[in-house]
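In case you want the letters, here they are:
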Amino acid sequence: MHAPAPVSSGPRGGRSLSRAVASASAGAALGFCAATLAAQPGSTPFAVTFTDATVQAGIDFTHDNGASGRHLYPELFGGGVAVLDLDADDWPDLLFVNGRGWGSSADTRHGLFRNNRDGTFRDVFSGSGLDGADVYGLGATVADYDNDGYDDVFLTTVDGGRLYRNAGDGTFLDVTLDAGIGDGRFAVSAAWLDYDRDGLADLFVGNYVDWSPDADTGCGDPPGYCGPDAYGPVAPTLYRNTGGGRFENVTGAAGLDDPTDKAMGVAVLDYDADGWPDLFVGSDRVPAKLYRNDGAGRFTDVALRSGVAVSERGRARANMGVDAADYDRSGRPDILVGNFLHEMLGLYRATGDELFVDAAPRSTVGRASYQSVTWAVFFLDVDLDGFLDIFAANGGTDESQGMLDARARLSQPPLLLRNQGDGTFDDVSAAVGEAFGRPAMGRGAAYLDYDGDGDPDIVLTALNGPARLLRNDGGNRSNWLRVRLAGTPSNRLGIGATVRIASASGTQRRTVRSGSSYASQSELPLTFGIGSDTVAESLEVVWPSGSSQRFTDIVPNRLIVIDEAEGLRPSAAVP
């Protein structure tokens, strides 16, 4: 990647000196010093190691950002990764999203890998139907929008996205035009949700900025990459699934047509517990949005009054990757946000009364992430103790970030924060193996149980670099239960359904959701760690349709499938 001008407009591709000084002052005001910025060691032993299984598993994918010296803005963003089950065998497969050379006549080379069910994957991209497109891709999100039992894919691109229907025979069909999808916008992240709870998955696309290659001439002298301030904000797009393979653009009717977003991450949650899916949208250098679903087809932004729009100091942050889950077992979803250098992660803890407080600034979460540029973030239970941990994929943007801090690096290690079960976290990044701490220009990431042993593994992408698969070794020393849902009449994958399990050590709550992370999507089946508990005393599912089911005395250490119509049924996968 070519170095940008020493000073350019905006905080990502480059920062003005005044903004750099402001950020440094903010760090000082928060009381950070070199001694406190060091990650604190975990207070208890951590029995998990992440092993680089990329080569052994047969994953061979390298991202191409197409950079040729023109400093076109999308070159900084990288590509995401999506976990899907392309052949409905209950084993997770992988899709890596790629860019391409600008003006190249060659088709885009994404990566599609089918799980062989033995800890390895097979490259099945050629002939898949994903191999005939000349798109500059950024991210992906997965759902079964036609409820036929096969996972479909929406790719975010610089020009409006592509919708691919899974034909059920290992191939995909580009149905973008026939489905009524596409608005020509530059989008990074998207998510599926059934916002009207009619049993059909709808599509929310978080458009980024008003951008075109012809108008992008770079910033500074000589020209370098611009930052987000150089481009205008836009509105997101909401497509309502009307059935029969068709979608309707209902952005205006839903109250989402205010062009004030620069969306980087999208998370679906029910923050007010009214049964209707809401949306958190992390926007770049403009206030984040928390769109409340009123249950009648409209959304209202309540981020400012809820405490998630800006930082504690009232500043809009980078808001690159996002996730939402209940990390403190309060019964309410909390919000996790990845930010830029000297901004820290945002960890918005739900306090009740539809309010959030950022728990990061005065905690290990803030100290450990202060020196990082964070893209993908998500909650996952690495050691299966029943408490959700935090993962963050980090990586620099370009050399101009050195104006902020001479210690800043383009290649950065990821971060793993272990949930201590009391609302606090320990930084265990250095305790989980050399492979985990390997620096990269991290971008997308997702979790999955690719080897069927119960504990969550992690897949990462890098800007202009190779993807990596990190195998979790040791997490399954604890007991666990994996749950896959099959909806009828709710949407087939159960997106939006909530599962609660109770065991001797307490109650946990998870929601099946697409989106989250950065330009990526993790697996849809839910994993519950129950530590040393030997049985799940009860399991309750609340479906988007409003129906519910309850099961008792569930034996752990296996994958179970719950059908909305039939109840418990066998899985296609071998436990």
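Residues numbered from 1 in each chain as written. Predicted model: local features only at pLDDT ≥ 70, side-chain atom pairs only at ≥ 80, totals over all residues. Heavy atoms only, no water.

Engineer: Can you walk me through the pairing of strand β16 (residues 289–293) in this structure?
Structural biologist: If a strand is regular, its side chains alternate between the two faces of the sheet. Buried residues dominate β16, accounting for four of its five residues. In this sheet, β16 lies alongside strand β15 (residues 278–283) in antiparallel orientation, the contact comprising three bridges. The residue of β16 that forms the bridge with V281 is K289. Between β15 and β16, which pair antiparallel and follow one another directly, the connecting turn spans five residues, one of which, R285, has a positive phi of 65 degrees. Sheet topology note: the β16/strand β17 (residues 299–301) ladder contains three bridges and is antiparallel. Along β17, the bridge assignment pairs N293 with F299. (Buried < 20%, exposed > 50% of the residue type's maximum accessible area, 1.4 Å probe, protein only. Helix = DSSP H or I, 4+ residues; strand = E, 2+ residues; numbered from the N terminus. Pairing = 2+ DSSP bridges.)

Engineer: Teacher, can you tell me more about the sheet that holds strand β22 (residues 374–380) here?
Structural biologist: Two strands in a sheet stick together by hydrogen bonds in their backbones, pointing the same way (parallel) or opposite ways (antiparallel). As summarised here, the arrangement of the four strands in space is β22-β23-β24-β25, forming an open sheet in which the pairing is antiparallel. Each edge of the sheet is formed by a strand with only one pairing partner; in this case those strands are β22 and β25 (425–427). When the angles between neighbouring strand axes are averaged without regard to direction, this sheet yields 20 degrees. Taken together, the three bridges between strand β24 (residues 415–419) and β25 define a ladder with antiparallel strand orientation. Bridge pairing links N419 to F425 in β25. (Axes fitted to C-alpha atoms, helices over the stretch in contact; angles between N-to-C directions.)

Engineer: Can you help me understand the confidence of the model for the protein chain in this one?
Structural biologist: Segments scoring low in pLDDT should not have their predicted coordinates read at a detailed level. Per-residue confidence for the protein chain averages 90 on the pLDDT scale, and 90% of its residues sit at or above 70. This stretch, residues 1–43, has a pLDDT under 50; its non-local contacts, to residues over four places away or in other chains, come to 118 contacts. (pLDDT = per-residue confidence, 0-100. Contact = heavy atoms within 4.5 Å.)

Engineer: Got a minute to help me understand the environment of D146 in this structure?
Structural biologist: Mapped onto the elements, D146 comes out in the loop between β6 (137–143) and β7 (152–157). In this structure the C-alpha to C-alpha distance between D146 and G199, which are 53 residues apart in sequence, comes to 9.9 Å. With sequence-adjacent residues up to four places away left out, D146 is seen in contact with D152 and R165.

Engineer: Would you mind showing me how to read the environment of G307 here?
Structural biologist: Structurally, the position occupied by G307 is in the loop between α5 (303–306) and β18 (322–325). Each C-alpha atom of the pair G307 and F356 lies 5.4 Å from the other, and the pair is 49 residues apart in sequence. If we ignore the near neighbours within four places in the chain, the residues touching G307 are Y348 and F356.

Engineer: How should I be thinking about the nonpolar core in this particular structure?
Structural biologist: Side chains of nonpolar character tend, in soluble globular proteins, to be buried together. Counting 44 residues, the largest nonpolar core has F50, Y73, F77, F186 and F391 as the members making the most contacts within it. The set of elements that each furnish at least two residues to this core consists of β22, β23 (389–394), β26 (442–448) and β27 (457–462). If one sorts the elements of this core by residue count, β22 sits on top with four residues. In terms of nonpolar packing, the next biggest core, distinct from the first, is built from 36 residues, I181, A497, L539 and I554 among them. (Core = buried A, V, L, I, M, F, W, Y, C linked by side-chain atoms within 4.5 Å.)

Engineer: I would appreciate a short explanation of the side chain of D270 in the present structure.
Structural biologist: Looking at the element boundaries, D270 is found in the loop between β14 (263–269) and β15. For the buried D270, no salt bridge exists, and the shortest N-O distance to an oppositely charged side chain is 5.2 Å, to R509. Among the polar contacts made by the side chain of D270, one reaches the main-chain amide nitrogen of A273 at a distance of 3.1 Å. A polar contact of 3.3 Å, which involves the side chain of D270, links it to the backbone nitrogen of D274. Setting aside its immediate chain neighbours within four residues, D270 contacts G275, W276, D278 and P333. (Lys, Arg positive; Asp, Glu negative; His and termini not counted. Salt bridge = Lys/Arg side-chain N within 4 Å of Asp/Glu carboxyl O. Polar contact = N/O pair within 3.5 Å; in protein donor to acceptor, adjacent residues only side chain to side chain.)

Engineer: Any chance you could explain the state of the cysteines here in plain terms?
Structural biologist: By definition, a disulfide links the sulfur atoms of two cysteines through a covalent bond. Under the criterion given, the structure shown has one disulfide. Between the sulfur atoms of C219 and its disulfide mate C226 the distance is 1.9 Å. Taking the sign of the S-S torsion, about 95 degrees here, the bridge from C219 to C226 comes out right-handed. We note that C219, like C226, is buried. (Disulfide = S-S within 2.5 Å.)

Engineer: Which parts of the structure should I look at to understand unusual backbone geometry?
Structural biologist: When glycine is set aside, most residues are seen to have a negative phi, and most peptide bonds are trans. Residue P222 is reached from D221 by a cis peptide bond, and omega for that bond is 0 degrees. Tracing the backbone shows P222 in the loop between β11 (202–207) and β12 (237–243). Following T488, the chain continues into P489 via a peptide bond in cis, with omega recorded as 15 degrees. With respect to the element layout, P489 can be found in the loop between β29 (479–486) and β30 (498–503). With a phi angle near 55 degrees, D353 is a residue other than glycine that sits in the positive phi range. When you line up the elements, D353 lands in the loop between β20 (346–352) and β21 (355–358). The backbone of S516 shows a phi angle near 65 degrees, a positive value even though the residue is not glycine. Mapping S516 onto the fold places it in the loop between β31 (506–511) and β32 (526–531).

Engineer: For this particular structure, what's the right way to read the sheet that holds β31?
Structural biologist: As summarised here, the arrangement of the four strands in space is β31-β30-β33-β34, forming an open sheet in which the pairing is antiparallel. Two strands lie at the open edges of the sheet, namely β31 and β34 (548–554), each paired on one side alone. Sheet twist, expressed as the average angle between the axes of neighbouring strands with direction ignored, equals 15 degrees. As paired elements, β30 and strand β33 (residues 536–542) share five bridges and run antiparallel to each other. Bridge pairing in β33 links V499 to V541.

Engineer: Before we go on, may I ask you to explain the pattern of salt bridges in this structure?
Structural biologist: Under the counting rule described, the total for this entry stands at 23 salt bridges. A salt bridge links R117 to D89; its shortest N-O distance comes to 3.1 Å. Placement of the pair is R117 in the loop between β4 (111–115) and β5 (121–123) and D89 in the loop between β2 (81–84) and β3 (93–96), with a sequence separation of 28 residues. Relative accessible area serves as the criterion here: at 47%, R117 is assigned to the partly exposed category.

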